[in-house]
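Report on the structure
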Amino acid sequence: EAVVNRIAAGEIIHRPANALKELIENSLDAKSTTIQISVKDGGLKLLQIQDNGHGIKVEDMGIVCERFTTSKLRTFDDLSSMSTYGFRGEALASISHVAHVTITTKTKDSNCAYKASYSDGVIVPAKPGATAEPKPCAGNNGTQISAEDLFYNVPTRRNALKNPTEEYNRILDIVNRYAIHNEGVSFTCRKVGSNTPDVHTTTTATVLDNIRTIYGSAVANELLSLEQNFPVFSLKIKGWISNANYSVKKFAFLLFINHRSVDSPAIRKAIEAVYAAFLPKNTHPWVYLSLEMDPRNVDVNVHPTKREVHFMNEEEIIETICGAIQNRLGDANV
Ligand code: ADP
Ligand code: MG
């Protein structure tokens, strides 16, 4: 059974960056306004996230890493968001099957924090023979989760991830995306031992401020805002898109659907085609798009390792998005 769980876990968690994505989403679900990430060896040695969210109640600590049980912690109101997010209740469980997980957490109603380490979904006793239970300790409100030695028990996977620098770049890419999208939340990401963070945003920054912080003024100064609602599809579009006379070497495409960072090759291609009419050959746009639509119409996980999104009325919605972008570019260039 351990092997089966490990294989299932590997389908969901295939590299440090996507483990981190799940951890960030949990911190955001917990209404955190500060999210600090520390990384060692591209996340292979250590991936740590500290937030100031609502924390985990001590009585729930025994089951947070069990598969599927965590949906019990949630209220009925969350069911719609659950359908948006795909594998509900599997992220922490999966991580605990392929890494050593330690959680330290404190709710605001508790006098102290509690700490527990997990392996294969369950709390490991502090000493052999001791009872497996969370230990009281000092700590601030919020949750710190560490995943150490990712894929220590999956040698083929571990060996496939040879380059910590590449893994770290993927981590930065995920943090950058969530940092830009989440106004009101401060994100920090650093390598363990480094004093200067590689990402740092503040709680007071706007999305455009965040883009400027992360991508620089040259990009930010060229962006056009996009904001439009299409009630027919219960679709809301918000974004910042590069001007028709500004281009970057590589298509930068930051796509959020219902506040989750996703990829949609179909949207990506369609947007590139719109810009192709405006931009010189072999240059590309910079596009941040946040789409909100009825979560019942969105299917985030066609395949667990691909993370491509598909949705109802996909063709019509893509045409609508492209029309909005085209109009905005046209207006800006008369
Ligand atoms: P899901 O998010 O789908 O419920 P996860 O495995 O990602 O499943 O997380 C399990 C549960 O652990 C969550 O439902 C939540 O109750 C709790 N949890 C995880 N991370 C945090 C966090 N940073 N703050 C508060 N609670 C958390
Ligand atoms: Mg989660």
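Residues numbered from 1 in each chain as written. Chains lettered and ligands numbered in written order. Predicted model: local features only at pLDDT ≥ 70, side-chain atom pairs only at ≥ 80, totals over all residues.

Concerning the overall build of the protein
Scanning the protein from terminus to terminus reveals ten helices and 16 strands. A globule of 334 residues ought to have a C-alpha radius of gyration of about 20 Å, and the protein, at 21 Å, matches this closely. Considering only C-alpha atoms, the protein reaches an extent of 75 × 45 × 45 Å along its principal axes. The 334 residues of the protein split such that 37% are buried. The long-range share in the protein, meaning contacts at least 24 apart out of those at least 6 apart in sequence, stands at 67%. (Helix = DSSP H or I, 4+ residues; strand = E, 2+ residues; numbered from the N terminus. Rg over C-alpha atoms; globule rule 2.2 N^0.38 Å. Buried ≥ 20, exposed ≤ 12 C-beta atoms within 10 Å, placed from the backbone. Contact = placed C-beta atoms within 7 Å.)

Observations regarding the sheet that holds strand E14 (residues 286–292)
If you walk across this open sheet you meet the five strands as E10-E11-E14-E12-E13, and the pairing is mixed. The outermost strands of the open sheet, each flanked by one partner alone, are strand E10 (223–230) and strand E13 (260–261). As judged from the two bridges shared by strand E12 (residues 252–257) and E13, these two strands associate in the antiparallel manner. The partner of Phe 256 across the bridge, within E13, is Ser 261. Packed onto the sheet, helix H7 (residues 207–215) meets E10, strand E11 (235–242) and E14 and runs at close to 35 degrees relative to E11. (Pairing = 2+ DSSP bridges. Axes fitted to C-alpha atoms, helices over the stretch in contact; angles between N-to-C directions.)

Considerations on the domain arrangement of the protein
If you check the domain split of the protein, you get domain 1 (2–200) and domain 2 (222–332). Computed from C-alpha atoms alone, the centre-to-centre distance between domain 1 and domain 2 is 29 Å. (Domains from an automatic or database assignment.)

Some points on helix H9 (residues 265–276)
Every α-helical turn comprises 3.6 residues, leaving residues that sit three or four positions apart pointing alike. End to end, H9 covers 16 Å across twelve residues, agreeing with the expected 16 Å (1.5 Å per residue, within 8%). All buried positions along H9 are accounted for by Ile 267, Ile 271, Val 274 and Tyr 275. Down the axis of H9, the buried side of the element spans an arc of 95 degrees, and every buried residue falls inside it. Opposite the packed face of H9, turned more than 90 degrees from it, sit the exposed residues Pro 265, Lys 269 and Ala 273. Tucked into the core, H9 has its buried residues touching E12, E14 and helix H10 (314–332). (Expected span 1.5 Å × (residues − 1). Arc of directions from axis to C-beta.)

Here we look at the environment of Val 154
Among the structural elements, Val 154 can be located in the loop between strand E7 (142–148) and helix H5 (155–160). Considering only alpha carbons, one finds Val 154 and Ser 217, 63 residues apart in sequence, at a separation of 43 Å. Setting aside residues up to four positions removed in sequence, Val 154 forms contacts with Arg 6, Gly 10 and Val 98.

Some thoughts on the nonpolar core
Counting 77 residues, the largest nonpolar core has Leu 20 and Ile 95 as its most contacted members. Broken down by element, the residue count for this core peaks at seven residues, all from helix H6 (residues 164–181). Two domains each provide a minimum of three residues to this core, namely domain 1 (2–200) and domain 2 (222–332). If we skip the residues at most four places from it in the chain, Ile 95 touches Ile 13, Ala 19, Val 101 and Ala 147. (Core = buried A, V, L, I, M, F, W, Y, C linked by C-beta atoms within 7 Å.)

With respect to the packing of H9 against H10
The geometry of H9 relative to H10 is characterised by a closest axis approach of 10 Å and an angle of 35 degrees between their N-to-C directions. Where H9 crosses over H10, the two elements pack in a sense that is right-handed. In contact with Ala 266, Ile 267, Ala 270, Ile 271 and Val 274 of H9, H10 contributes Glu 314, Ile 318, Ile 321, Cys 322, Ile 325 and Gln 326. Among the residues forming the contact of H9 with H10, the class breakdown is nine nonpolar, one polar and one charged. (Left-handed = near helix turned anticlockwise from the far one by under 90°. Nonpolar A, V, L, I, M, F, W, Y, C, P; charged D, E, K, R; others polar.)

Details of the pairing of E14
Burial runs high along E14: six of the seven residues are buried. Pairing geometry for E11 and E14, over six bridges, is antiparallel. Within the sheet, the bridge partner assigned to Lys 238 lies in E14 and is Ser 290.

Section: unusual backbone geometry
The backbone of Ser 234 sits at a positive phi, close to 35 degrees, despite the residue not being glycine. The residue Ser 234 is located in the loop between E10 and E11 in this model. Since 12 C-beta atoms lie within 10 Å of it, Ser 234 is described here as exposed. Unlike most non-glycine residues, His 259 shows phi in positive territory, near 70 degrees. Looking at the secondary structure, you find His 259 in the loop between E12 and E13.

Re the environment of Val 199
Position of Val 199 among the secondary structure elements: in strand E9 (residues 199–200). A tally of 19 C-beta atoms within 10 Å means that Val 199 is categorised as partly exposed. Considered as a pair, Val 199 and Cys 189 are ten residues apart in the sequence and their alpha carbons are 5.1 Å apart. Aside from chain neighbours lying at most four places away, what touches Val 199 is Leu 172, Val 175, Asn 176, Ala 179, Phe 187, Thr 188, Cys 189 and Ile 214.

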